[in-house]
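Below, each chain spelled out in residue letters.
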Amino acid sequence: EISSKYFDPDNIEAQDEIAKVLSEKTDNYAKVGSERGAFVTPKGNSMIADVLVDDAGFNGLLEFYRVDGSEIELQAGVLIPCAYSNYYGIDSGDEIVFRDSSKNEYNMTVCASMEYYLQLPRIVMTAREYESYFGKQLQKNAFIVEKGDITIRELSNQLCEIDGYVYTQDYNSDLMKSQSTVALVINVIMYLYIALSVLIAIFVIFDILLMFVAEKKRELITLIINGYSVKYAHRYISVDTCFLSVIGILCGIAVGILLGNWNINNMQSDTSYFLHGINLFACIAGAAFTSLLMVIMTSVALKQIDRFELSDINKI
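Described below are features of the structure shown in this document. Note that the structure is predicted; figures quoted are calculated from it, not measured.

Re the packing of helix α7 (residues 230–267) against helix α8 (residues 280–306)
With their axes 9 Å apart at the nearest point, α7 and α8 run at an angle of 150 degrees to one another. On the basis of their axis angle, the class for α7 and α8 is roughly antiparallel. Helix-helix and strand crossings are classified by hand; for α7 and α8 the assignment is right-handed. Across the interface between the two elements, Val230, Ala233, His234, Ile237, Ser238, Thr241, Ser245, Ile249, Ile253 and Ile257 of α7 pack against Cys283, Ala287, Thr290, Ser291, Met294, Thr298, Leu302, Ile305 and Asp306 of α8. Across the contact of α7 with α8, the residue classes break down as eleven nonpolar, seven polar and one charged.

Written as structure tokens, this is what we have:
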């Protein structure tokens, strides 16, 4: 669980006092530079972002990975969130524009896109890159902390008594809130689709099945008159239903994948990134549930055949 403790960089005593508390109460920490500014998007808009800088590998607290899982070694250039690079189609070697709080703009070269899911975008770079881009020496103003047994609130309460301590930003809580909100929206949409699918299956497909059996009534009675059993008549309808069900399931999976991808793309913004991929379990579960529903509805529809009378052939 990583959080940042911001302090007055000109207050050396405050830094020492904060470091003393952190060394006693936390598992690990690192002194870093953090600066608020904004991305300038390719469309010319500004998007609030943070710059996180360190010259000692963040003391092992942070590791950076691409979306495919491969680890990124922070060298020349800057790391940007996968949401930003994906949304605007920015690749390694491209340039981005960062605007600081004084409205000064800096061109930065992207070395890689990192897997990053917090709503507030972040640019990560080394102290050497920072000094190269900004033309000034890095002034560290925060501690990133991996807390121990103490809670973030308890730690903040202790630190707020130190003159020069500014505030604490809890990244883990930010991440949980962001993910829970997105998960809630996605789950609501998913359950809505499932409910609509079940209703369509019950009120539309079931009605079509009943109509299908009714339309085949003369044909089925003719089979029975010619010596075929009722069981054969059941199988005659079941084969057609099974064939159409398989086609329907395959088409449903294909449409579901396309619709799901469309939903994800529309929910995704320039500050969030969702993994794009086919969930095999969801496809299998959907196919199994649909098959079970079709078996139940077909069984009910076939009960009509048992009530057919041979004399009904003259009434059709």
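Picking up where we left off.
A word on the packing of aromatic side chains
Scanning all chains against the criterion turns up eight aromatic pairs. Ring plane angle 80 degrees and centroid distance 6.0 Å describe the contact between Phe98 and Phe134, whose orientation is recorded as edge-to-face. Of the two residues, Phe98 sits in strand β5 (residues 95–100) while Phe134 sits in helix α3 (residues 127–134), which places them 36 residues apart along the sequence. Phe134 sits in the buried class, given a relative accessible area of 8%. Among the aromatic residues, those joined into a ring-pair cluster are Phe98, Tyr106, Tyr130 and Phe134.

Overview of the environment of Ala287
With respect to the secondary-structure elements, Ala287 resides in helix α8. Remark: the alpha-carbon pair of Ala287 and Leu244, spanning 43 residues in sequence, is separated by 13 Å. Discounting chain neighbours no more than four positions away, the residues touching Ala287 are Ile249 and Ile253.

Each value, and the rule that gives it
Residues numbered from 1 in each chain as written. Predicted model: local features only at pLDDT ≥ 70, side-chain atom pairs only at ≥ 80, totals over all residues. Heavy atoms only, no water. Axes fitted to C-alpha atoms, helices over the stretch in contact; angles between N-to-C directions. Helix = DSSP H or I, 4+ residues; strand = E, 2+ residues; numbered from the N terminus. Parallel < 35°, antiparallel > 145°, perpendicular 65-115°, else oblique. Left-handed = near helix turned anticlockwise from the far one by under 90°. Contact = heavy atoms within 4.5 Å. Nonpolar A, V, L, I, M, F, W, Y, C, P; charged D, E, K, R; others polar. Phe/Tyr/Trp six-rings, centres within 6.5 Å; stacked < 30°, edge-to-face > 60°. Buried < 20%, exposed > 50% of the residue type's maximum accessible area, 1.4 Å probe, protein only.

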